[in-house]
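So you can see what is in the structure, the chains are spelled out below.
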Amino acid sequence: MLELAALFRASQLFIHHAHLHCKGAVFMQDHEHLADLYAAYATGFDSVCERAIGLGKESEVSFPAVMNKVNAILKTLPQSAKENKDYFKAALQLEQKICQECEKICASGVSEGTKQLIGGLADLSEIRQYKIKQRIK
């Protein structure tokens, strides 16, 4: 669950950065959409970490382990953007990675409850992907 927790936290930090730096004619719409995204990522991060801790896998989501992964993910993302659309393109890639990681976890023999939690996170990610795709068209 470490990879998924790190993806949610890195997404949250990146999108919060984008939220603060978006600009242009569609500023208000993008600003609000990005705020919704980073709130969703914070919730996803919390859900994954609480589940891991509840299952006795606290070391999988320890602060150093998560932050090492987060830093590696953040290094792959744009630090600035010419257009807000560039932030959304990066967000789409993060969302796709979230879904891929959810599929890996569900295929790894976890409990039915954990499958449902992770499946729900994947479902919400797919909805966000649809909305992001509409924004970057």
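Everything below is about the structure shown above.
Participant: Quick rundown of the overall build of the protein chain? Include the residues and the values.
Facilitator: Secondary structure summary: the protein chain contains five helices and zero strands in total. Along the protein chain, helices and strands appear, N-terminal first, in the series α-α-α-α-α. For the C-alpha atoms alone, the extent of the protein chain along its principal axes is close to 50 × 30 × 20 Å. When burial is assessed residue by residue, the protein chain has 39% of its 137 residues classed as buried. Restricting to contacts in the protein chain with at least 6 residues of sequence separation, those with at least 24 account for 78%. Summing over all exposed atoms, the protein chain offers an accessible surface of approximately 7400 Å²; the carbon and sulfur share of this is 54%. A distance of 7 Å separates the average location of the 17 positive side-chain charges in the protein chain from that of its 16 negative side-chain charges.

Participant: For the layout of surface pockets, give the residues involved together with the corresponding values.
Facilitator: Taken as a whole, the largest pocket encloses approximately 190 Å³ of empty space. Contributing to the lining of the largest pocket are 13 residues, with D36, L37, A40, L124 and R128 lying nearest its centre. In the lining of the largest pocket, the residues fall into six nonpolar, four polar and three charged.

Participant: Describe the nonpolar core, with residues and values.
Facilitator: What tends to happen in soluble globular proteins is that the nonpolar side chains get buried as a cluster. L4, F8 and I15 are the most contacted members of the largest nonpolar core, which totals 41 residues. Among the secondary structure elements, those contributing two or more residues to this core are α1 (2–21), α2 (27–54), α3 (63–74), α4 (84–106) and α5 (112–136). At ten residues, α4 tops the list of elements feeding residues into this core. The residues touching L4, leaving out its near neighbours within four places in the chain, are V48, I98, E101, C102, I105, I118 and L121.

Participant: Talk me through the environment of K115; I want residue IDs and the actual numbers.
Facilitator: Relative to the assigned elements, K115 resides in helix α5. As for K115 and A91, which are separated by 24 residues in sequence, their C-alpha atoms are 24 Å apart. K115 has contacts with C106 and V110, leaving out every residue within four places of it along the chain.

Participant: I'd love a proper account of the pattern of salt bridges, names of residues and values included.
Facilitator: Overall, the coordinates contain four salt bridges when judged by the stated rule. Ionic pairing is found between R135 and D30, a salt bridge with its closest N-O pair at 2.7 Å. Here the residue R135 occupies a position in helix α5, and D30 occupies one in helix α2, the gap between them amounting to 105 residues. Looking at D30, the relative accessible area reads 2%, which means it is buried. When the shortest N-O distance is used, the salt bridge between K104 and E101 registers 3.8 Å. Separated by three residues within a single helix, K104 and E101 lie in helix α4, roughly one turn from each other. Residue E101 is classed as buried on the basis of its relative accessible area, which comes to 14%.

Participant: Talk me through the side chain of Q129; I want residue IDs and the actual numbers.
Facilitator: Relative to the assigned elements, Q129 resides in helix α5. Take Q129: its relative accessible area is 10%, and that puts it in the buried class. Among all residues touching Q129, those that are not within four sequence positions of it are L92, E95, Q96 and C99.

How each quantity is defined
- Residues numbered from 1 in each chain as written.
- Predicted model: local features only at pLDDT ≥ 70, side-chain atom pairs only at ≥ 80, totals over all residues.
- Heavy atoms only, no water.
- Helix = DSSP H or I, 4+ residues; strand = E, 2+ residues; numbered from the N terminus.
- Buried < 20%, exposed > 50% of the residue type's maximum accessible area, 1.4 Å probe, protein only.
- Contact = heavy atoms within 4.5 Å.
- Areas by Shrake-Rupley, 256 points an atom, 1.4 Å probe, with all protein chains shown as cover.
- Lys, Arg positive; Asp, Glu negative; His and termini not counted.
- Charge placed at Lys NZ, Arg CZ, Asp CG, Glu CD.
- 1 Å grid on protein atoms, 1.4 Å probe; cavity = no way out; pocket = protein on both sides within 12 Å on 5 of 7 lines; lining within 4 Å.
- Points joined across faces, edges and corners; volume = space filled by probe spheres on them.
- Nonpolar A, V, L, I, M, F, W, Y, C, P; charged D, E, K, R; others polar.
- Core = buried A, V, L, I, M, F, W, Y, C linked by side-chain atoms within 4.5 Å.
- Salt bridge = Lys/Arg side-chain N within 4 Å of Asp/Glu carboxyl O.

So yeah, pure geometry; function would need other evidence.
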